[in-house]
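Close look at the chain arrangement
Here's the letter readout for the chains.
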Amino acid sequence: MSLPVVLVHGGATKFKKESHDDVLKAVERAAEVGFCVLERGGSGLDSAEATIRSLESTTLFTAGLGAEPNLDGEIELDAIVMDGNRLESGAVMAVQNTVHPISLARYVLERTPNAQIAGSGADKLYRKMIQEGYREESTAGRPTGPRISEGCDTVGCIVVDANGYLVAASSTSGWGGMLPGRVGDTPVIGSGVYANEIAAACSTGRGEQILRIVMSRIAVHYVEDGFSVTEAVQKTMRVLREKTTGEAGLIMADSQGNVSLGFDTPHMPVALHGEAGLVYSSLTPDDFPSTT
Ligand code: ASP
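First things first, this report covers the structure right here in the doc. (Residues numbered from 1 in each chain as written. Predicted model: local features only at pLDDT ≥ 70, side-chain atom pairs only at ≥ 80, totals over all residues. Heavy atoms only, no water.)

The 4 strands are arranged β7-β8-β9-β10 in an open sheet whose pairing can be described as antiparallel. On the outer flanks of this sheet lie β7 (193-195) and β10 (259-263), each paired with one strand and no other. In this sheet, adjacent strand axes meet at a mean angle of 10° when their direction is disregarded. Note: strand β9 (residues 248-254) against β10, 5 bridges, orientation antiparallel. Opposite A253, over in β10, you have V259 as the bridge partner. Each of β9 and β10 is contacted by helix α7 (residues 229-243), which is oriented at about 155° to β9, the strand it contacts most. (Pairing = 2+ DSSP bridges. Helix = DSSP H or I, 4+ residues; strand = E, 2+ residues; numbered from the N terminus. Axes fitted to C-alpha atoms, helices over the stretch in contact; angles between N-to-C directions. Contact = heavy atoms within 4.5 Å.)

Here it is in structure tokens:
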């Protein structure tokens, strides 16, 4: 597929029927937002942050405004962004007082010498980020209505800019009712996302299973070994099936704009945006137009 490309997912999970239309519209809108940023001259990082913020701003996913509380009734958010060209990432874990942990993850990447900041340190860094005017405080309230999925619906994206530079990003509140302080795969480099100058992958689903096989890293490694992204996804899904109890999925892209995905859950909403506009979107992307 010609560059640039924005590929978005809304979690490997199962959504209740009444939310299907809204969820699909949300991933389509996020892909459009991310693509618009590129068209206006923004970087891959700008695009990925805007894409994830768009999803965090809806109440549809277990991320951002739609976050699910842990066992103690508290919200803890994880997010990561990885710049493949620089092989650098920023991540926050179990941060409590933000709606957009993706922006804080980018702050970690761009304004600190570190890659991962957790818990109270991340909350403190969030206050510093706001004071510095790096991003605005969000004032929107959290919804209290019933859940619209039966699982967890982390959000993620891969952006391939016009030069073939890859950025991958993801944001989640993890599984509702999880142990306080639990961190899944999402903000862990190599598990939740991985990107280098060759390819990028973004995983979603049962974090404890994804962590066991460092899923995003192995997917990218297959491409480094000469496999296409389509083959890399197939191989990764095979490892997931053989070595774990599964319930996960991933999206992938390479620096040429080839894209692919795999999932073993009932749903994994995705949207793909390219120069031709919205190229594809589906809640059950079995017919995703994978390119080599
Ligand atoms: N992988 C995330 C976690 O375990 C959940 C998800 O992708 O929906 O925290």
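Now, onward.
Take the site of the ligand next. Lining the immediate environment of the ligand, one finds C152, D153, T154, G174, W175, R182, D185, T186, T204, G205 and G207. At a separation of 2.8 Å, an oxygen atom of the ligand approaches a polar side-chain atom of R182. At 2.7 Å, a side-chain N or O of T204 approaches an oxygen atom of the ligand. Notes on the ligand: free accessible area 270 Å², of which the protein chains cover 100%. A per-class count over the shell around the ligand returns 2 nonpolar, 6 polar and 3 charged. (Near = heavy atom within 4 Å. Polar contact = N/O pair within 3.5 Å; in protein donor to acceptor, adjacent residues only side chain to side chain. Areas by Shrake-Rupley, 256 points an atom, 1.4 Å probe, with all protein chains shown as cover. Nonpolar A, V, L, I, M, F, W, Y, C, P; charged D, E, K, R; others polar.)

With that settled, the discussion passes to the packing of helix α3 (residues 101-111) against helix α4 (residues 119-131). Direction vectors running N to C along α3 and α4 enclose 85°, while the axes themselves pass 10 Å from each other. Judged on the interaxial angle alone, α4 and α3 are roughly perpendicular. Across from S103, L104, Y107 and V108 in α3, the residues of α4 making contact are A122, L125, Y126, K128 and M129. In terms of residue class, the contact of α3 with α4 is made up of 7 nonpolar, 1 polar and 1 charged. (Parallel < 35°, antiparallel > 145°, perpendicular 65-115°, else oblique.)

In this section: the side chain of S203. Tracing the backbone through its elements, the reader meets S203 in strand β8 (residues 199-205). Taking relative accessible area as the criterion, S203 reaches 0% and is therefore assigned buried. Within polar-contact distance, the side chain of S203 engages the side chain of S216 at 2.8 Å. Leave out the neighbours within four places in its chain, and S203 touches H9, D185, S191, G192, I210, M215, S216, G249 and L250. (Buried < 20%, exposed > 50% of the residue type's maximum accessible area, 1.4 Å probe, protein only.)

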